[in-house]
Amino acid sequence: SFQRNLLPSERYLNFDEIMEYIELVATTHPEIASIINIGSSWEGRPLRVLKLSNGPGKKAILLESLIHAREWVGPPTILHAIHELTTNLLENQALLDANDWYFLPVANPDGYVFSWTKDRVWRKTRRSNNDSDCVGTDPNRNFDYKWEDGTTDMCSGSYHGSRPYSEPECEAIAKFLLDHKEITFYLAVHSYGQLILLPWEAENQQNNHLKSVAEDAVQAIIAVNGTQYKVGTAHGVLSYFAHGTSFDWAYAKAGIRLSYTIELTPSFEKFDNQNFIMDSKQLPLINAECWEAYKALVSHLPKT
Ligand code: ING
Ligand code: ZN
């Protein structure tokens, strides 16, 4: 069981510890916290959402992290937000009065367990592919938005799968969003790059509202310690298109009009696996920056 002297957001928790933590929150704060099992991974692990709510009828945000197994800085920022909302209740009451919050800290449990036990920089799911020794599908290429344009190379880290929602993790997330129409804000937490990515369709739409909400979060992050994030579409700031992502699907197909991917620290110079491995000493600053960013983003979500 996890060390109770450190905040659970100040070190890396393994899969069981993250599940244990959100269950502890639910049992400690039953008046506002509950656990929803939204499905199971390929290897049978639970996909667990923690819901925080202090009353009915509110619009909600869903924060998703660890759809990519090696991106370990995501969950601490989510656990930090949960910690703030549940233990600093007086200070943060207004945030729960305004909206419900849903958290999916481990969207790819099998990959995450594998990244702890076998390969620290594993990215995909752990389902084997027919006629190939290469294991896994990129769950962030497996949603049904421009899925068909993703890569068919099973050995690629971005393999899009045999069909949309071939991965039970993705099917469960999509179904959960369609079943929970109060979720009108979606935030996919990734690393790295120090970016806030706008959905693909924002490229054509010149959606200034989406952009200005993201710029607010950038300012909130700068105010903490000067860290600079950039805003743009994946194509605009990363020069590549990603097909079949969760947040693009949420925006374009599930009608979620505020939808972003945040790429946490460090900034992107070149691709380097080391950049998925942040010293846990950096977590308090990253958590503080993200907490300000998440609050800034959610402040643009209407209450009802
Ligand atoms: N990066 C994202 C990826 O899935 C991304 C970048 C996300 C691009 C969403 C476009 C849309 O490739 C990481 N670090 O996974
Ligand atoms: Zn990622």
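That block above? That's the structure.
Quick notes on the rules
- Residues numbered from 1 in each chain as written.
- Chains lettered and ligands numbered in written order.
- Predicted model: local features only at pLDDT ≥ 70, side-chain atom pairs only at ≥ 80, totals over all residues.
- Heavy atoms only, no water.
- Disulfide = S-S within 2.5 Å.
- Helix = DSSP H or I, 4+ residues; strand = E, 2+ residues; numbered from the N terminus.
- Buried < 20%, exposed > 50% of the residue type's maximum accessible area, 1.4 Å probe, protein only.
- Pairing = 2+ DSSP bridges.
- Donors = N, O, S within 2.8 Å, 3.2 Å for Na, K, Ca; no water.
- Arc of directions from axis to C-beta.
- Contact = heavy atoms within 4.5 Å.
- Near = heavy atom within 4 Å.
- Polar contact = N/O pair within 3.5 Å; in protein donor to acceptor, adjacent residues only side chain to side chain.
- Areas by Shrake-Rupley, 256 points an atom, 1.4 Å probe, with all protein chains shown as cover.
- Nonpolar A, V, L, I, M, F, W, Y, C, P; charged D, E, K, R; others polar.
- Phe/Tyr/Trp six-rings, centres within 6.5 Å; stacked < 30°, edge-to-face > 60°.
- Lys NZ or Arg CZ within 6 Å of the ring centre and 35° of its normal.

Undergrad: Mind showing me how you'd approach the state of the cysteines here?
TA: Covalently bonding the sulfur atom of one cysteine to the sulfur atom of another cysteine gives a disulfide. Within this structure, the stated rule accounts for 1 disulfide. With a sulfur-sulfur separation of 2.0 Å, C134 is cross-linked through a disulfide to C155. The chirality of the disulfide connecting C134 with C155 is right-handed, given an S-S dihedral of about 85°. With a gap of 21 residues between them, C134 in the loop between helix 4 (109–117) and helix 5 (168–179) and C155 in the loop between helix 4 and helix 5 connect regions that are remote in the sequence. Taking relative accessible area as the criterion, C134 reaches 22% and is therefore assigned partly exposed. Its relative accessible area of 48% is what places C155 among the partly exposed residues. Of all cysteine sulfurs, the one in C134 lies closest to C170, which takes part in no disulfide; the gap is 19 Å. C170 gets classed as buried once you look at its relative accessible area, which sits at 0%.

Undergrad: Any chance you could explain the pairing of strand 1 (residues 33–40) here in plain terms?
TA: Strand residues, when the strand is regular, have side chains that alternate between the two faces of the sheet. Pairing between strand 1 and strand 2 (residues 46–52): 7 bridges, direction antiparallel. Among the inter-strand pairings, S40 is bridged to a residue of strand 2, identified as P46.

Undergrad: I tried to follow the coordination of the zinc ion (ligand 2) on my own but got confused; where do I start?
TA: By definition of the ideal shapes, four donors in a tetrahedron about a metal sit 109.5 degrees apart, and six donors in an octahedron sit 90 or 180 degrees apart. Donor atoms from the polypeptide that bind the zinc ion (ligand 2) are H68 (ND1), E71 (OE), E71 (OE) and H190 (ND1), placed at 2.0 to 2.4 Å. The sequence pattern describing where the donors of the zinc ion (ligand 2) fall on their chain is H-x2-E-x118-H. Of this pair, E71 sits in the loop between strand 3 (60–65) and helix 2 (74–87) while H190 sits in strand 5 (residues 183–193); the two residues are 119 residues apart in sequence, bridging distant segments of the chain. The burial state of E71 is the same as that of H190; both residues are buried.

Undergrad: So what exactly am I meant to see when it comes to helix 3 (residues 89–98) here?
TA: Along an α-helix, residues three or four apart share an orientation, since each turn contains 3.6 residues. For helix 3, the full list of buried residues reads N92, L95 and L96. On an axial view of helix 3, the arc spanned by its buried residues comes to 95°, and they lie on one face. Seen from the open side of helix 3, the exposed residues pointing more than 90 degrees away from its buried face are L90 and A94. Elements in contact with the buried residues of helix 3: strand 2, helix 2, strand 4 (100–104) and helix 10 (283–298).

Undergrad: I would appreciate a short explanation of the site of ligand 1 in the present structure.
TA: Lining the immediate surroundings of ligand 1 are 15 residues, of which H68, R123, R141, Y240 and E263 lie closest. Taking R123, its side chain carries an N or O atom lying 3.1 Å from an oxygen atom of ligand 1. Interatomic distance of 2.7 Å between a side-chain N/O atom of E263 and a nitrogen atom of ligand 1. Here ligand 1 loses 94% of its free accessible area of 370 Å² to cover by the protein chains. If you list the elements that add at least two residues to the shell around ligand 1, you get strand 5 and strand 8 (258–267). Of the residues in the shell around ligand 1, the class split is 5 nonpolar, 6 polar and 4 charged.

Undergrad: What should I look at first to understand the packing of aromatic side chains in this one?
TA: Geometrically, a pair of aromatic rings is defined through the distance of the ring centres and the angle of the planes. Tallying each qualifying case throughout the model produces 17 aromatic pairs. Judged by centre distance (4.8 Å) and plane angle (15°), the rings of W72 and W116 are stacked. Taken together, the residues W72 in the loop between strand 3 and helix 2 and W116 in helix 4 connect sequence positions 44 residues apart. An aromatic cluster of at least three residues, connected via ring pairs, comprises Y12, W72, Y112 and W116. Here R120 stacks its cationic end above the ring of W72, 3.7 Å away from the centre of that ring. Geometry around W42 places R127 over its ring, the cationic atom sitting 4.5 Å from the centre.

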